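# Reading the structure
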Amino acid sequence: MSLKFSGRKSGPISSARCLPTLPVARGRGWHPTERDNREWMRILAENGWSLPEWPVEYGGAGWSPLKAYIFEDECAAADAPHVQWRAGYSLVGPVICNFGTDAQKARYLPTIRDGRELWCQGFSEPDAGSDLASLKTSAVLDGDEYVINGQKIWTSEAQYADLMFALVRTDPAVKAQRGLSCIIIDMKTPGLTVRPIETIDNAVHVNEVFFENVRVPAANLVGEANMGWTYAKFLLGNERHSNALVQRIKREIRKLRELAQNGEFGERFIEKPTFKRKLSELEIDVAALEWAVLRSATAHGQMAGRDMAFASGLKVEASYLQQRVADMQLEIIGPWVAPDFPEPDEGPWIEARFGDAPEDVPGAMTKALFRRAAPIYGGANEIQRGIIWRAVFQK
Ligand SMILES: Cc1cc2nc3c(=O)[nH]c(=O)nc-3n(C[C@H](O)[C@H](O)[C@H](O)COP(=O)(O)OP(=O)(O)OC[C@H]3O[C@@H](n4cnc5c(N)ncnc54)[C@H](O)[C@@H]3O)c2cc1C
């Protein structure tokens, strides 16, 4: 999706509305694009900030989890894209550092550091989301290569990722969890096809990925064969922790307060007791989330492996807080978000629908729509509750 705010009904497009800068687009609630992500990675790398929490020996800044947290807080306050939410930094890199070979560390860590290569995470399949261990994509050893066949789905950013960290079945004969391995796949390998999926916010964030006799060097296997479930759980702990995005929610609440106070959309919502109460409740819940995130961040760092049940709890709570803050923003924006669907021949829906709207509207609307997915991605909340239940009651 392009970041165009074209005024279909309101005359010529001003250049300021066509190409908002990175912080302006983020401040308005737009999802970062490939261009944004690559640009942001370059800026971080140039300043030595691209791997805040990683040890210096792996090219990281060597900051404490608290310092890394504060840095992300400042980035959020400045409307910069997430530091944490990059698959290379938050998800894949720590697995390679902990379980990869020296050759893999030498090959992949530098490009994660300088942002030259972006990653996607290929775990979910059409019949294996919540029941991930039942996945079927197979990797069969043939000489010094694995031959991969099957399909992944909901793969975030696969449409422009350079590399995939995939969970594949290497032994179909043993118990589901025991026959899985993690392997690194170059997205340009022949036989690999990416098919984008358009989501409810009229954008492409996720994809289907098909493998037809995709040949991958055996040296790309991460850790031991058939130990993939262990590495996947390590990665998912980091994913659920970073999904909390508490610094972003704090920033959005400040924005919500501004909108409630300035009356830009007709009414000063801050004067409505019911709205004020909801806002205070949200702020209290987010403060509680922040303390929980800080406890988790300082007790179990990114490299050490998270407490799985705690990470699940953060993910569940944060997903609803993200929805609440986005929904309250829509409450203020009010009639501007009322559907005005174009005729089929009227061009991209987003331009037609938001052509005349104030600048905060499209990002607020699309963000609120995308956040319907927050309780699903990173593992559905029902599954997280099961993990918490087992940790607490089945000790
Ligand atoms: C925006 C987005 C981005 C994503 N990005 C990625 C990615 O980059 N990489 C990747 O690998 N995956 C990704 N996913 C996939 C995500 O991890 C799965 O969607 C998720 O695990 C749920 O699996 P599913 O979609 O197959 O739903 P299902 O497993 O079919 O579940 C459907 C519903 O049934 C419920 N349910 C299922 N089993 C149980 C149970 N045992 N008890 C109670 N309720 C149950 C679920 O909670 C859910 O509400 C993404 C998903 C979304 C929406």
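Everything in this summary refers to the structure shown in the same document. Everything numeric here is computed off the predicted structure, so don't read it as measured data.

Among the nonpolar cores identified, the biggest contains 34 residues, and Leu 256, Phe 275, Leu 282, Leu 289 and Ile 332 are the most heavily contacted of them. Of all the secondary structure elements, the ones that give two or more residues to this core are α8 (246-262), α9 (273-299), α10 (308-333) and α12 (360-370). Leave out the neighbours within four places in its chain, and Ile 332 touches Leu 256, Leu 259, Ala 260, Phe 265, Phe 269 and Phe 275. Counting residues in each nonpolar core, the second largest holds 31 residues, with Ala 87, Ile 96, Ile 112 and Cys 182 among its members.

Enumeration over the complete set of coordinates arrives at 10 aromatic pairs. Here the aromatic rings of Trp 63 and Phe 71 are separated by 5.1 Å at their centres, their planes lie at 70°, and the arrangement is edge-to-face. Phe 71 sits in the buried class, given a relative accessible area of 14%. Each residue in the set Trp 49, Trp 63 and Phe 71 is aromatic and connected to the rest through ring pairs, giving one cluster. When the ring centre of Phe 269 is taken as reference, the NZ or CZ atom of Lys 272 above it lies at 4.3 Å.

With that out of the way, let us pick up the site of the ligand. Taken together, 17 residues are adjacent to the ligand, and Gln 121, Ser 124, Ser 130, Trp 154 and Glu 382 come closest. Glu 382 has a polar side-chain atom sitting 2.5 Å from an oxygen atom of the ligand. Across the complex, the protein chains shield 64% of the 960 Å² of accessible surface that the ligand would expose by itself. Of the residues assigned to the shell around the ligand, the class counts are nine nonpolar, seven polar and one charged. Formed jointly, the shell around the ligand draws a minimum of three residues from each of two domains, domain 2 (119-226) and domain 3 (243-393).

Another point: unusual backbone geometry. A negative phi angle characterises most non-glycine residues, just as the trans form characterises most peptide bonds. The residue Asp 79 is not glycine, and still its phi comes out positive at about 60°. Structurally, Asp 79 is set in the loop between α4 (65-77) and α5 (87-99). Phi at Leu 245 takes a positive value of approximately 50°, unusual for a residue other than glycine.

Turning our eyes to something else, we now look at the side chain of Arg 86. Relative to the helices and strands, Arg 86 is located in the loop between α4 and α5. Among residues more than four places away in sequence, those in contact with Arg 86 are Met 41, Leu 44, Ser 50, Leu 91 and Ile 112.

Right, let's talk about the environment of Ile 249 for a bit. Of note, Ile 249 is situated in helix α8. Note on Ile 249: relative accessible area 1%, which makes it buried. As for Ile 249 and Leu 321, which are separated by 72 residues in sequence, their C-alpha atoms are 7.6 Å apart. In this structure Ile 249 touches Ala 244, Val 286, Leu 289, Ala 318, Leu 321, Gln 322 and Val 325, once residues within four positions along its chain are discounted.

Each regular strand carries side chains that alternate between the two faces of the sheet. Where strand β2 (residues 138-142) and strand β3 (residues 145-153) come together, five bridges link them in antiparallel fashion. Looking at the pairing, Ala 139 lines up with Ile 148 of β3. Joining the antiparallel neighbours β2 and β3 is a turn of two residues, in which Gly 143 adopts a positive phi near 65°.

About the cut-offs
Per chain, residues are indexed from 1 in the order of the written sequence. Where totals are concerned, whole chains, interfaces and linings use all residues; where local detail is concerned, this predicted model gives features only for residues with pLDDT of at least 70, and gives and counts side-chain atom pairs only at 80 or more. To obtain the side-chain values, all non-hydrogen atoms of the structure were included, while hydrogens and water were left out. The criterion is simple. A nonpolar core is a set of buried Ala, Val, Leu, Ile, Met, Phe, Trp, Tyr and Cys residues joined through side-chain atoms within 4.5 Å. Per-residue accessibility, obtained with a 1.4 Å probe over protein chains only, is compared with the maximum for each type, and a residue is labelled buried under 20%, exposed over 50%, and partly exposed between these values. Each helix corresponds to a stretch of at least 4 residues labelled H or I by DSSP, and each strand to a stretch of at least 2 residues labelled E; elements are numbered beginning at the N terminus. The contact definition used throughout considers only heavy atoms, calling two residues in contact when any of these lie within 4.5 Å. For Phe, Tyr and Trp, where Trp contributes only its six-membered ring, two rings pair if their centres lie within 6.5 Å, and the inter-plane angle classes them as stacked under 30 degrees, edge-to-face over 60, or tilted in between. Think of it as a cone above the ring: NZ of Lys or CZ of Arg counts as a charge over the ring if it is within 6 Å of the ring centre and within 35 degrees of the ring normal. Near residues are defined by distance, with any heavy atom within 4 Å of the molecule or strand qualifying the residue. As used in this structure description, the phrase polar contact means that two N or O atoms lie within 3.5 Å; if the pair is within protein, one of them must be able to donate a hydrogen and the other to accept it, and residues adjacent in sequence are counted only when both atoms belong to side chains. Only the protein chains shown count as cover for residues, and all accessible areas are computed by the Shrake-Rupley method using a 1.4 Å probe. Each residue gets one of three labels, nonpolar for Ala, Val, Leu, Ile, Met, Phe, Trp, Tyr, Cys and Pro, charged for Asp, Glu, Lys and Arg, and polar for the others, Gly among them. Domain limits in this description derive from either an automatic procedure or a database domain assignment. One requirement defines pairing of two strands: DSSP has to find at least two bridges between them.

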